[in-house]
Amino acid sequence: MKKQRLDKIIASQTSLSRKEVASLIKKGELLVDGVVVLSSDEKADPEKSEIIFCGNKLGYSEFIYIMMNKPKGVVSASSDKRAKTVVDLVPDEIRRDGLFPAGRLDKDTTGFLLLTDDGEFAHKILSPKNHIFKTYIASLEKPISEEEKTTLEKGITLADGTALKECEIKILDGTKTKIEIKIREGKFHQIKRMLHFVNNEVLELERICMGNLSIDPSLKPGECRLISEDEKKLISNFDE
Ligand code: URA
C-alpha cells in the first residue's frame, strides 16, 4: 500500500477529524514503529507500520462493514437536519467519516441494515444484476391468496409504470397474514407497493437477511456490530 499522511490514516480509522488528530499528535500521542512522531506531515504505510495512537494500536482496515438492527423511527441516511439517522446510532468506537447505509429501509421498517464506507461494494450488492436477495418478514392487513402470491412472484408493473422483477414468497402462518418475501431490487417502498397492488397493506416490515447472511439475533433494536470477512462473503457471492 502507498504511504499516506499519518493524520489522514488515523482520521480514516476513527471518528476524529484530521484537526483533532493533528493536535493529539503534537501532544506526543503517536508512536510509529516504536518511535514518537510529533508531526502529522509524516507518512507511513498503515499495512506495514505499527501505529499506536493515544495508547491504542490502530487496527487498519481500508473499509468497514457494519450490521445494524435498525429500529423504527430513524431514517436510513448519513445525515438529516431534523430526524435521527442510522449513522447517528453507530457507536464512536467503530464510527468513521464517510459511513453510509447501503440501501434504504423506510423509517418504520426494522431489521438488517448494512452500513459501510465502501462505495464499490455497496453498489455491487444493491445492483439487481447481481441477484443478491434481501429477505423480509411482512405482517399484512389481510390474508394473501395463492393467486395474489403467484401474481407477485411472477413480477408486476405498477400503475406508474415501475416494473418489478420476480420474487419469492412463503406464507408463514395459518391466517395467511405473515409472509417471508425475497426481492433482489430495492425500489422505493417496494414491498409496500407490491402488496398494495394486490389490495393489501403491510402493517410491519422487517429485513432479516442480505444474501445468505442473517441478522445477528443478539443485536437489540438500534445496536450494531462489525461484519467479519467471512460474513461479508455470505452477502455477496461474486469475486472481488
Ligand atoms: N420495501 C418497503 O416497502 N420498505 C422497505 O423499507 C424495504 C422494502
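Structural notes, computed from the coordinates. Just so we're clear, the structure is a prediction, and the values are computed from it rather than from any experiment.

### What about the packing of aromatic side chains?
At step 1: Counting across every chain of the model gives one aromatic pair.
At step 2: Between the aromatic rings of tyrosine 65 and phenylalanine 121, the centroid separation amounts to 5.2 Å while the plane-to-plane angle is 75°, which identifies the pairing as edge-to-face. Taken together, the residues span a long stretch of sequence, with tyrosine 65 in strand 7 (residues 65–70) and phenylalanine 121 in helix 3 (residues 119–126) at a distance of 56 residues.
At step 3: Against the face of phenylalanine 121 rests lysine 232, its NZ or CZ located 4.9 Å from the ring centre.

### Details of the layout of surface pockets
Sizing a probe to match a water molecule and rolling it over the atoms shows the empty space that remains.
At step 1: As a volume, the largest pocket reaches approximately 430 Å³.
At step 2: Counting only elements with at least two residues in the lining of the largest pocket, the list comes to strand 10 (134–140), helix 5 (190–197) and strand 15 (202–210).
At step 3: Broken down by class, the residue content of the lining of the largest pocket amounts to eleven nonpolar, six polar and eight charged.
At step 4: As for the second largest pocket, its lining consists of 13 residues, and the residues nearest its centre are Gln13, Thr14, Asp92, Glu93 and Ile94.
At step 5: Here the residues of the lining of the second largest pocket are counted per class, giving five nonpolar, five polar and three charged.

### A look at the site of the ligand
At step 1: All residues in the neighbourhood of the ligand are listed as Leu105, Asp106, Thr109, Tyr136, His189, Gln190, Ile191, Lys192 and Leu205.
At step 2: Interatomic distance of 3.3 Å between a backbone N/O atom of histidine 189 and an oxygen atom of the ligand.
At step 3: Isoleucine 191 places a main-chain nitrogen or oxygen 3.1 Å from a nitrogen atom of the ligand.
At step 4: In the complex, the protein chains occlude 96% of the 240 Å² of accessible area that the ligand would expose alone.
At step 5: Taken atom by atom, the bulk of the ligand overlaps the largest pocket.

### Concerning the sheet that holds strand 6 (residues 56–57)
At step 1: Reading across from one edge, 3-2-5-6 is the order of the four strands in this open sheet, with antiparallel pairing throughout. Every interior strand has two partners, whereas the edge strands, strand 3 (35–36) and strand 6, have only one.
At step 2: Sheet analysis places strand 5 (residues 51–53) next to strand 6, joined by two bridges and oriented antiparallel. Bridging across to strand 6, phenylalanine 53 finds its partner in asparagine 56.

### Notes on the nonpolar core
At step 1: If you look at the biggest cluster of nonpolar residues, it comprises 32 residues, and the most contacted ones within it are Ile66, Leu152, Ile179, Ile181, Ile191, Met194 and Leu195.
At step 2: Contributions of two or more residues to this core are made by strand 7, strand 9 (110–116), strand 10, strand 14 (178–183), helix 5 and strand 15.
At step 3: Those residues within four positions of leucine 195 in sequence are excluded, and the remaining contacts are Leu140, Ile144, Leu152, Ile179, Asn200 and Val202.
At step 4: Counting residues in hydrophobic clusters, the runner-up holds 15 residues, among them Met67, Phe112, Phe121 and Ile125.

### Digging into the pattern of salt bridges
At step 1: This model, assessed by the stated rule, comprises 16 salt bridges.
At step 2: Across the pair glutamate 153 and lysine 149 runs a salt bridge whose closest N-O atoms are separated by 3.5 Å. You can see glutamate 153 and its partner lysine 149 sitting in helix 4 (residues 146–154), four residues apart, about one turn around the helix.
At step 3: Ionic pairing is found between arginine 193 and aspartate 160, a salt bridge with its closest N-O pair at 3.4 Å. Of this pair, arginine 193 sits in helix 5 while aspartate 160 sits in the loop between strand 11 (156–157) and strand 12 (163–164); the two residues are 33 residues apart in sequence, bridging distant segments of the chain.

Definitions and limits used
- Residues numbered from 1 in each chain as written.
- Predicted model: local features only at pLDDT ≥ 70, side-chain atom pairs only at ≥ 80, totals over all residues.
- Heavy atoms only, no water.
- Phe/Tyr/Trp six-rings, centres within 6.5 Å; stacked < 30°, edge-to-face > 60°.
- Helix = DSSP H or I, 4+ residues; strand = E, 2+ residues; numbered from the N terminus.
- Lys NZ or Arg CZ within 6 Å of the ring centre and 35° of its normal.
- 1 Å grid on protein atoms, 1.4 Å probe; cavity = no way out; pocket = protein on both sides within 12 Å on 5 of 7 lines; lining within 4 Å.
- Points joined across faces, edges and corners; volume = space filled by probe spheres on them.
- Nonpolar A, V, L, I, M, F, W, Y, C, P; charged D, E, K, R; others polar.
- Near = heavy atom within 4 Å.
- Polar contact = N/O pair within 3.5 Å; in protein donor to acceptor, adjacent residues only side chain to side chain.
- Areas by Shrake-Rupley, 256 points an atom, 1.4 Å probe, with all protein chains shown as cover.
- Sits in = over half its atoms within 2 Å of the grid points.
- Pairing = 2+ DSSP bridges.
- Core = buried A, V, L, I, M, F, W, Y, C linked by side-chain atoms within 4.5 Å.
- Buried < 20%, exposed > 50% of the residue type's maximum accessible area, 1.4 Å probe, protein only.
- Contact = heavy atoms within 4.5 Å.
- Salt bridge = Lys/Arg side-chain N within 4 Å of Asp/Glu carboxyl O.

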